[in-house]
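# Residue-level structure breakdown
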Amino acid sequence: MTDVASPTVRVSTRPAESRRDIGIKRRYAAERRFRAYGISAIVIGLFFLAVLVWSVVSKGYTAFQQTTITLPIEFSEKVIDPKNERATDTKQLMTANYPVLVRDALVKQLGIDPKKRPLVKQANDMVSDSVRTQLRDIVVADPSVIGKTIPVTLLADANIDSAFKGQIDLKVEESKRKVKDQQVAWMNQLAEAGVLKKSFNTGIFAFGASSRPEAAGVGVALVGSAYMMLIVLVLSLPIGVAASIYLEEFAPKNRLTDLIEVNINNLAAVPSIVYGLLGLAVFVNFAGMPRSAALVGGFVLTLMTLPTIIIATRAALKAVPPSIRSAALGLGASRMQTIFHHVLPLAMPGILTGTIIGLAHALGETAPLLLIGMVAFVVDYPGSPLEPSTALPVQIYMWANEAERAFVERTSGAIIILLIFLVIMNLGAILLRRRFERRW
């Protein structure tokens, strides 16, 4: 019997392999697209962030420089104390015509004929009106300067300051700008003599509110913001942590606690202006607390910050492994000892991070403070949280509404200061988290 070889049957695997290859290629293509979308989103975000920072810095960096004029001021007794009553009549020293002293010194420095009143007026307009207060404070602090001639550094007028910084186009015809040609010539003359120059503007950190841009600063606003942040920290941190510990560790799981948790999450998303309305109704109208006081602002911002701190604290407590609790209880620790001696210290990095982020959020809020009246024109530093004050973001809002050209750089300068504080606080949160964080 003859063996007949059976034919070999070959099954092609090409269709199956090609389908598999196509699927892999599609998956890789989808991954590449997703990466491209993510990188594009980051690039777009960084671009707009760079545009924002550039627009603020380019307009505001000049606010940290101030044009000053140093003149030898003769504290004439005829002008300040004609009756020679400096020892008894403080009112005379307070109300003396100090701008005349500056006018005479500037006229002498520029070599102007005192009889030419239009030229004298133009020269006098080159110096800030704040010289009255500056010279008055010098005399009141030391009446012995009367009758002497001492050099005093004075603030230049806002228009001269802007012109000297190159913010005013001096090529425009004279009738269309506030700085006259004669003033420009005097400005160059004083600059060549070393009398007029730019220096670091410490006044933006020390001065209070003023209708004159060159004499306006954020000093009072910084103190008001510091008072409010202190109140927010003292109230929101212990209350928020205590509420979080109770809800996470002690509260029974029922409909009431579920309702509380939902409301806390909802309160974190409520617009800040609603908290301003609440503060106006409860603290100002009902409780009768003073308007424009840092105490009321601190209470309102505390209400706004509490949900953020509670949510962050609960998340930090949940991140602690249950084995820590079981081990502590197994060794005989009570429930309170377990929480406060073991769980809470391990959750502290997350709690600190949430607190600092909440404070940074509160520092930049404006809307609730506007509703409780913290838009007062406050010149003097508040001695306590009960005295009228303002806050840094409110000061920025007020300057942004001013029509004076020089307030533009003041507004951008204040924004830079606020951004620096916010960056420092957020960097602090990151560093604290990295310093104390433990990975399980």
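Source: prediction; values computed, not measured.

## Thoughts on the overall build of the protein
For the protein, the count of helices and strands is 18 helices and three strands. The C-alpha atoms of the protein give a radius of gyration of 34 Å, which is well past the 22 Å a tight globule of 440 residues would have. With the principal axes as the frame, the protein shows a C-alpha extent of 145 × 70 × 40 Å. Summing over all exposed atoms, the protein offers an accessible surface of approximately 25100 Å²; the carbon and sulfur share of this is 62%. A gap of 10 Å separates the mean positions of the 47 positive and 34 negative side-chain charges of the protein.

## Comments concerning the nonpolar core
Of all hydrophobic cores here, the largest spans 41 residues; its most connected members are Met228, Met229, Val296, Leu301 and Leu369. Put simply, the parts of the chain that give this core at least two residues each are helix H10 (219-250), helix H12 (272-286), helix H13 (294-319), helix H15 (335-363), helix H17 (392-400) and helix H18 (407-436). No other element matches the eight residues that H18 contributes to this core. Setting aside its immediate chain neighbours within four residues, Met229 contacts Leu301, Leu359, Ala362 and Leu363. The next biggest cluster of nonpolar side chains, apart from the first, holds 37 residues, and it includes Ile112, Val139, Ile160 and Ala163.

## So, unusual backbone geometry
A positive phi angle, close to 65°, is found at Ser292, a residue other than glycine. Turning to its location among the elements, Ser292 is positioned in the loop between H12 and H13.

## Re the environment of Gly224
Residue position: Gly224 is located in helix H10. What makes Gly224 buried here is its relative accessible area of 0%. Sequence spacing of Gly224 and Leu295 is 71 residues, and the spatial spacing of their C-alpha atoms is 9.4 Å.

## Structural notes on the packing of aromatic side chains
In total, this model carries five aromatic pairs according to the counting rule given. Here the aromatic rings of Phe64 and Phe205 are separated by 6.0 Å at their centres, their planes lie at 35°, and the arrangement is tilted. Residue Phe64 is located in the loop between helix H1 (14-60) and strand E1 (65-74), and its partner Phe205 is located in helix H9 (residues 203-206); the two are separated by 141 residues in the primary sequence. Residue class for Phe64 comes out buried when judged on its relative accessible area of 16%. By relative accessible area, which is 35% here, Phe205 ends up partly exposed. Geometrically, the ring pair formed by Trp399 and Phe407 is tilted, given 6.2 Å between the ring centres and 40° between the ring planes. Classification of Trp399 as buried rests on a relative accessible area of 3%.

## Describing the pattern of salt bridges
Here the structure, examined in full by the defined rule, presents eleven salt bridges. Across the pair Asp161 and Lys165 runs a salt bridge, and its minimum N-O distance is 3.1 Å. Residue classification places Lys165 among the buried positions, given a relative accessible area of 14%. For Lys165, the salt bridge is made with Glu409, and the minimal N-O distance between the two is 3.1 Å. With Lys165 in the loop between helix H7 (158-164) and helix H8 (181-192) and Glu409 in helix H18, the pair connects residues that are 244 residues apart, well separated along the chain. As far as the burial class goes, Lys165 and Glu409 line up, both buried.

## Some points on the sheet that holds E1
Backbone hydrogen bonds hold the strands of a sheet together, and the pairing may be parallel or antiparallel. Read from one edge to the other, the open sheet built from three strands follows the order E2-E1-E3, with strand pairing classed as antiparallel. Looking along the sheet, the strands with just one partner apiece sit at the ends: strand E2 (149-155) and strand E3 (196-200). Across the sheet, the mean angle separating the axes of adjacent strands is 40° when strand polarity is ignored. Contacts from helix H4 (residues 98-110) reach E1 and E2, with the element oriented near 95° to E1.

## Quick word on the UniProt feature "transmembrane region" (unreviewed entry) in the protein
The residues that UniProt annotates with the feature "transmembrane region" (unreviewed entry) are residues 34-57, 226-247, 267-287, 293-317, 338-363 and 413-432. A helix fraction of 100% and a strand fraction of 0% characterise residues 226-247, whose end C-alpha atoms lie 31 Å from each other. What you have in residues 413-432 is 100% helix and 0% strand, and the ends, taken at the C-alpha atoms, are 29 Å apart.

## As for H4
The terminal C-alpha atoms of H4, which comprises 13 residues, lie 19 Å apart, in line with the 18 Å expected from a rise of 1.5 Å per residue. Burial in H4 covers these residues: Tyr98, Pro99, Val100, Leu101, Val102, Ala105, Leu106, Val107 and Leu110. Of the residues trailing H4, Gly111 is marked for its positive phi of about 70°.

## Comments concerning the domain arrangement of the protein
Entries for the protein in the domain assignment read domain 1 (61-200) and domain 2 (219-436). The C-alpha-based centres of domain 1 and domain 2 are spaced at 45 Å. Facing 13 residues of domain 1, the contacting portion of domain 2 comprises eight residues. Surface buried jointly by domain 1 and domain 2 totals about 750 Å² across both partners, of which 46% is contributed by carbon and sulfur atoms. Looking only at domain 1, the three residues that lose the most surface to domain 2 are Ala63, Phe64 and Gln167, adding up to 50% of its buried area. Viewed at the interface, domain 2 and domain 1 are joined by one salt bridge. Taken together, the links from domain 1 to domain 2 amount to five residue pairs in polar contact (both at pLDDT 80 or more). Per-element accounting of the side of domain 1 that touches domain 2 gives the leading share, four residues, to H7.

## Some thoughts on H8
The terminal C-alpha atoms of H8, which comprises twelve residues, lie 17 Å apart, in line with the 16 Å expected from a rise of 1.5 Å per residue. Here H8 has its buried residues at Gln183, Val184, Trp186, Met187 and Leu190. End-on view of H8: buried residues confined to an arc of 165°, all on one side of the axis. Summarising the contacts, the buried residues of H8 are in contact with H4, helix H5 (117-124), H7 and E3. Just downstream of H8, Gly194 is the residue with a positive phi angle, here 80°.

Thresholds applied
Residues numbered from 1 in each chain as written. Predicted model: local features only at pLDDT ≥ 70, side-chain atom pairs only at ≥ 80, totals over all residues. Heavy atoms only, no water. Helix = DSSP H or I, 4+ residues; strand = E, 2+ residues; numbered from the N terminus. Rg over C-alpha atoms; globule rule 2.2 N^0.38 Å. Areas by Shrake-Rupley, 256 points an atom, 1.4 Å probe, with all protein chains shown as cover. Lys, Arg positive; Asp, Glu negative; His and termini not counted. Charge placed at Lys NZ, Arg CZ, Asp CG, Glu CD. Core = buried A, V, L, I, M, F, W, Y, C linked by side-chain atoms within 4.5 Å. Buried < 20%, exposed > 50% of the residue type's maximum accessible area, 1.4 Å probe, protein only. Contact = heavy atoms within 4.5 Å. Phe/Tyr/Trp six-rings, centres within 6.5 Å; stacked < 30°, edge-to-face > 60°. Salt bridge = Lys/Arg side-chain N within 4 Å of Asp/Glu carboxyl O. Pairing = 2+ DSSP bridges. Axes fitted to C-alpha atoms, helices over the stretch in contact; angles between N-to-C directions. UniProt positions renumbered as here; feature names shortened; annotations may be inferred. Expected span 1.5 Å × (residues − 1). Domains from an automatic or database assignment. Buried area = accessible area lost by both parts, 1.4 Å probe. Polar contact = N/O pair within 3.5 Å; in protein donor to acceptor, adjacent residues only side chain to side chain. Arc of directions from axis to C-beta.

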